[in-house]
Amino acid sequence: MSFFLKVWLKRLGNQGNLTEETIKTPVTDETATGFLTQIQDLLRDTYSVSQQELDYVYYFLLSQDLVSPKDDQELAATFPLAKRLTDDFITSLQGGRIIVSRDKLNWTELRESLFSVHMQYTSFYIEPTTFTDPSKTTFFRDLYPAFDVIITRFITNLVQSHLVPVNGNSQVNLYFSYMFSLINSVPPEAVVDRVHIFVDFSQGCLYSSYVKKSLNAFDNANLVLESELSDDVDIYISDFHSKKVTAPQVVWQDPPTPNDWSNLADMILERKHSKLKQLSTTNDS
């Protein structure tokens, strides 16, 4: 904000004023106009500040989440391209068969998160210097393969559409922004690549509870801990092998070592990718 204001004041001092075409939707919110009037009064003796310039400052604050909008309609009218991109992303997500339990997803929260990303990207976008290393996306690609498919496909279409300029750094930065939005807004049980785990140790509930609590450290891997054994279970963890269980089994007859946890993590990732591969094969058919 400090950098923005310095450049803005420097431009005003050089009389490089905005035209009426720059801001096509004037600010109408009474709280905002009152605040902008105070800015105008503060600078009156030094700069000639037009209404377009004041609106410009307000929309910068709005795009950076430094002020709250009057309502969603105001945001949509002010940033129509951001709304279009958000609608396109939601449509892509809904049509990709990645979400299997739509009623468990907070679509409003996800839409707001995506709109915030697009609002900044299509208005007061600053070339990123962090979260731009493409090699760092591998971690998220492995943990969230379903999200990766949706995001990669959308960014590819975005590049081809030429709606907004998308270069190498911004592609990676957008990837992370989309990924974090989906992780924060989409619960594990709503995604097709979720892994169902059933824990059942002969030591009783106490030890099973310990393992379940430890598994919570994997909560960023879309795990669903089942309370009963069913055909939905993907991995069965116990201290004895069971002939009644058809799912892959992990047998720990002693407290798990770091290597045991690492092997389990590999199995979880394999199951996730296997589910996504099955979905892809079904779509091809």
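Located above this text is the structure these notes cover.
Residues numbered from 1 in each chain as written. Predicted model: local features only at pLDDT ≥ 70, side-chain atom pairs only at ≥ 80, totals over all residues. Heavy atoms only, no water.

Engineer: Give me the lowdown on the overall build of the protein chain, citing residues and values where you can.
Structural biologist: For the protein chain, the count of helices and strands is eleven helices and four strands. Over its C-alpha trace the protein chain gives a radius of gyration of 25 Å, far above what one expects of a compact globule, namely 19 Å for 285 residues. Within the protein chain, contacts between residues separated by at least 24 positions form 75% of all contacts whose residues are at least 6 apart in sequence. By element, 51% of the accessible surface of the protein chain is carried by carbon and sulfur atoms, the whole surface being about 16100 Å². Each charge sign in the protein chain was given a centre, from 24 positive and 36 negative side chains, and these centres are 4 Å apart. (Helix = DSSP H or I, 4+ residues; strand = E, 2+ residues; numbered from the N terminus. Rg over C-alpha atoms; globule rule 2.2 N^0.38 Å. Contact = heavy atoms within 4.5 Å. Areas by Shrake-Rupley, 256 points an atom, 1.4 Å probe, with all protein chains shown as cover. Lys, Arg positive; Asp, Glu negative; His and termini not counted. Charge placed at Lys NZ, Arg CZ, Asp CG, Glu CD.)

Engineer: I'd like to hear about helix α1 (residues 2-13), residue by residue, with values.
Structural biologist: Structurally, the α-helix is built with 3.6 residues per turn, so residues lying three or four positions apart point the same way. Across its twelve residues, α1 extends 16 Å between first and last C-alpha, which sits within 8% of the 16 Å expected from 1.5 Å per residue. When we look at burial in α1, the residues that qualify are F4, W8 and L12. End-on view of α1: buried residues confined to an arc of 65°, all on one side of the axis. In α1, the exposed positions angled more than 90 degrees off the buried face are occupied by F3, K6 and K10. In this structure, the buried residues of α1 make contact with α2 (30-43) and α3 (51-63). (Expected span 1.5 Å × (residues − 1). Buried < 20%, exposed > 50% of the residue type's maximum accessible area, 1.4 Å probe, protein only. Arc of directions from axis to C-beta.)

Engineer: Give me the side chain of D148: which residues, what numbers.
Structural biologist: Relative to the helices and strands, D148 resides in helix α8 (residues 145-161). Overall, the relative accessible area of 11% leaves D148 in the buried class. Other than its neighbours up to four places away in sequence, D148 contacts R141, Y175 and M179.

Engineer: For helix α10 (residues 205-215), give the residues involved together with the corresponding values.
Structural biologist: The set of residues buried in α10 consists of Y207, S208, V211 and L215. Buried residues of α10, seen end-on, are gathered within an arc of 100° and therefore sit on one face of the element. Across α10 from its buried face, at more than 90 degrees, point the exposed residues C205, L206 and K213.

Engineer: Could you give an account of the nonpolar core, with specific residues and numbers?
Structural biologist: In summary, soluble globular proteins display a tendency toward joint burial of nonpolar side chains. If you look at the biggest cluster of nonpolar residues, it comprises 35 residues, and the most contacted ones within it are I151, Y178 and V186. Secondary structure elements with two or more residues in this core: α5 (80-95), α6 (107-121), α7 (137-143), α8 and α9 (168-185). Once you skip the residues sitting within four places of it in the chain, Y178 turns out to touch F89, L114, V117, H118, I151, F154, I155 and L158. Within the second largest apolar cluster, 23 residues are counted, among which are I39, L54, V57 and F124. (Core = buried A, V, L, I, M, F, W, Y, C linked by side-chain atoms within 4.5 Å.)

Engineer: Residue-level account of the pattern of salt bridges, with values.
Structural biologist: Per the stated rule, a full pass over the model turns up eight salt bridges. One salt bridge connects R11 with E53, and the closest N-O pair in it is separated by 2.7 Å. In this pair, R11 is assigned in helix α1 and E53 in helix α3, connecting sequence segments 42 residues apart. One network of salt bridges, with partners in common, ties together K83, D87 and R111. (Salt bridge = Lys/Arg side-chain N within 4 Å of Asp/Glu carboxyl O.)

Engineer: Which residues make up the environment of F79, and what values go with them?
Structural biologist: Its location among the elements puts F79 in the loop between α4 (72-78) and α5. Classification of F79 as buried rests on a relative accessible area of 7%. When the C-alpha atoms of F79 and G168 are compared, they prove to be 24 Å apart, with 89 residues separating the residues in sequence. With residues near it in sequence (within four places) discarded, F79 still touches Y59, L62, S63, F115, M119 and S123.

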